[in-house]
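One-letter residues, chain by chain:
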Amino acid sequence: MKKVLFAFISICLAAAAAIAPLSVSAAEELAMPEYPEDIFEYPLSFKNLTDFAVASDNQMLFADDGALIYWENQIKTVFTLESSVTDVDYKDGTFYYSLDGGETSYTLPNPVGDKLPENPEPDKHVYPTEDEINVFEGYHYYYTNNGEEIRALFVLDEVENTTSELGNFIKVKVYNGKLYGSIKTSAGDTYFHKITGNISNAVKITYSNYNKLTEISVGDVPEKLKATASENNIRFVQIENNAFITELNINYLVSYGRDGNPYFSVIEPNNTHAELRGKTALLLCEAGNVRIVSYGKSAYIVKADCTTAPQELEFVDVGTKATFNGFSEYAHSLPYMSNATRTFEIAHNEEVRVLYKFPKDTAGIFAHDYYLIQNSDGEQGYVVAEYLNFNQPPVNESQSNDISSAPAYENSVKIVILVILVIALALTAVGYLTWISTSGKRKAVNNKNGEEIDLNDKSPKDK
């Protein structure tokens, strides 16, 4: 039995020794938050641009390598269909596209969402032909090698009587009084061009992509947001005018990407909240190259170098007892209420010690008056003023200067008692195990004649 007990203790010690390096290793591999570079605009490129339709300079539809690309106000939406897109067109406020070599035509929904209907109804739209462009704004355009997929487009300036080659065009169309074309270079790249007279220039189309903002590692921010509350960790910053600001889903702070890694849960990543530039915000925590701030009831993530150096907030000494008049509620590690900052629970009518007050007009960032309180266990946290009932007289000066002495003493007593109980339970367990292991050898002398009796002997005795 002693060998079993020794083996059990050895296993426990080995497990404890193994846990420590694993924890250190996990901490070392923890990816710190990195706000991406402020480059969210990209050129729209094509693999094989075969057709296009133009509603305006801010709204276009492209058939590219069999896929459908809808572009509006710098937002790109790509639709991949079971059949390749053959033609696209725009007429009277509606976009059209055809599949299966032009045999079937469909209408693009208006407004355009992020998905096409699963079973759209075919339409009878007739797509324009372009065998002869003829005269357009004083210039005569014509193809060579007619009937081929790619044809050289020429332009005749009838005033100057000169002919110029514009390039190898796949298609040329007129929309809104402008001439456009899809061109293929000798390297095989395709571009979207605008033709003006005898000049053809590629149209620079850009789109915004804020997906990088959905893949910012959370690092140790969740732990920092729940750090021990203190009057000394309350600071504010000013957001600079060049900042990109992303709203966080602070109550559900962490989301997991397809790669299984934890990222910040963000709200509308394409909204950079320019209205907050120049504002003063509460600094909740900082990690990596980011700062988590709050303004009003919302929380945001912003690059650290796009904010001013943190400054401490002024607070008011209170030193008073109060009772909690709300229903079961949580204290918070910061003067900002959210799931991410919850710490310990406070019961209805629980008596607490009120340490400091942070008025709601401090730096203009609080929606409430906040108090830093301390419960009977010595835990500190923030609550809003509406939850406290100040029905106790102020404590004396000595108590106010040493607000943590009584709870600290009570905690020490509780710890000592807990240790004694653990030791007593351990000794009891060891004694019980020893008693069981020696039960086959025990003797007793309990009879009235003082004779030794073998407790394992089950035979009847003479009386």
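Here goes a summary of the coordinates provided. No experiment lies behind these values; they were computed from the predicted model shown.

A closer look at the side chain of Asp 123
At step 1: Relative to the helices and strands, Asp 123 resides in the loop between strand S8 (104–107) and strand S9 (134–136).
At step 2: For the buried Asp 123, which has no salt bridge, the nearest side chain bearing the opposite charge is Lys 124, at an N-O separation of 9.8 Å.
At step 3: Within the structure, the side chain of Asp 123 is placed 3.4 Å from the backbone nitrogen of Tyr 106, a separation counted as a polar contact.
At step 4: In this structure the side chain of Asp 123 is engaged in a polar contact, spanning 2.9 Å, whose partner is the side chain of Thr 107.
At step 5: Sequence-distant contacts of Asp 123, defined by excluding residues within four places in its chain, comprise Tyr 96, Ser 105, Tyr 106 and Thr 107.

Points about the pattern of salt bridges
At step 1: The final tally for this structure, using the stated rule, is eight salt bridges.
At step 2: As a salt-bridge pair, Asp 51 and Lys 171 come within 3.1 Å of each other at their nearest N and O atoms. A residue pair is termed long-range when its members are at least 10 positions apart, and Asp 51 in strand S2 (residues 49–56) and Lys 171 in strand S12 (residues 162–175) qualify at 120 residues. The exposure classification of Asp 51 matches that of Lys 171, with both residues buried.
At step 3: Salt-bridge contacts for Lys 178 lead to Asp 57; the nearest nitrogen and oxygen are separated by 3.4 Å.

Some words on unusual backbone geometry
Leaving glycine out, the prevailing phi sign among residues is negative, and the prevailing peptide bond configuration is trans.
At step 1: In the segment running from Asn 110 into Pro 111, the intervening peptide bond is cis, with an omega of 5°.
At step 2: Tracing the backbone through its elements, the reader meets Pro 111 in the loop between S8 and S9.
At step 3: At Asn 176, a position not held by glycine, the phi torsion is positive, near 55°.
At step 4: Positionally, Asn 176 belongs in the loop between S12 and strand S13 (178–184).

Some words on the sheet that holds strand S23 (residues 290–295)
At step 1: With antiparallel pairing, the seven strands of this open sheet are ordered in space as S21-S18-S24-S23-S22-S17-S25. Bordering the open sheet on either side are strand S21 (266–267) and strand S25 (311–312), each of which pairs with just one other strand.
At step 2: Examined bridge by bridge, S23 and strand S24 (residues 298–303) share six bridges and lie antiparallel to one another. Note that in S24 the partner of Val 293 across the bridge is Tyr 300.

What counts and how
- Residues numbered from 1 in each chain as written.
- Predicted model: local features only at pLDDT ≥ 70, side-chain atom pairs only at ≥ 80, totals over all residues.
- Heavy atoms only, no water.
- Helix = DSSP H or I, 4+ residues; strand = E, 2+ residues; numbered from the N terminus.
- Buried < 20%, exposed > 50% of the residue type's maximum accessible area, 1.4 Å probe, protein only.
- Lys, Arg positive; Asp, Glu negative; His and termini not counted.
- Salt bridge = Lys/Arg side-chain N within 4 Å of Asp/Glu carboxyl O.
- Polar contact = N/O pair within 3.5 Å; in protein donor to acceptor, adjacent residues only side chain to side chain.
- Contact = heavy atoms within 4.5 Å.
- Pairing = 2+ DSSP bridges.

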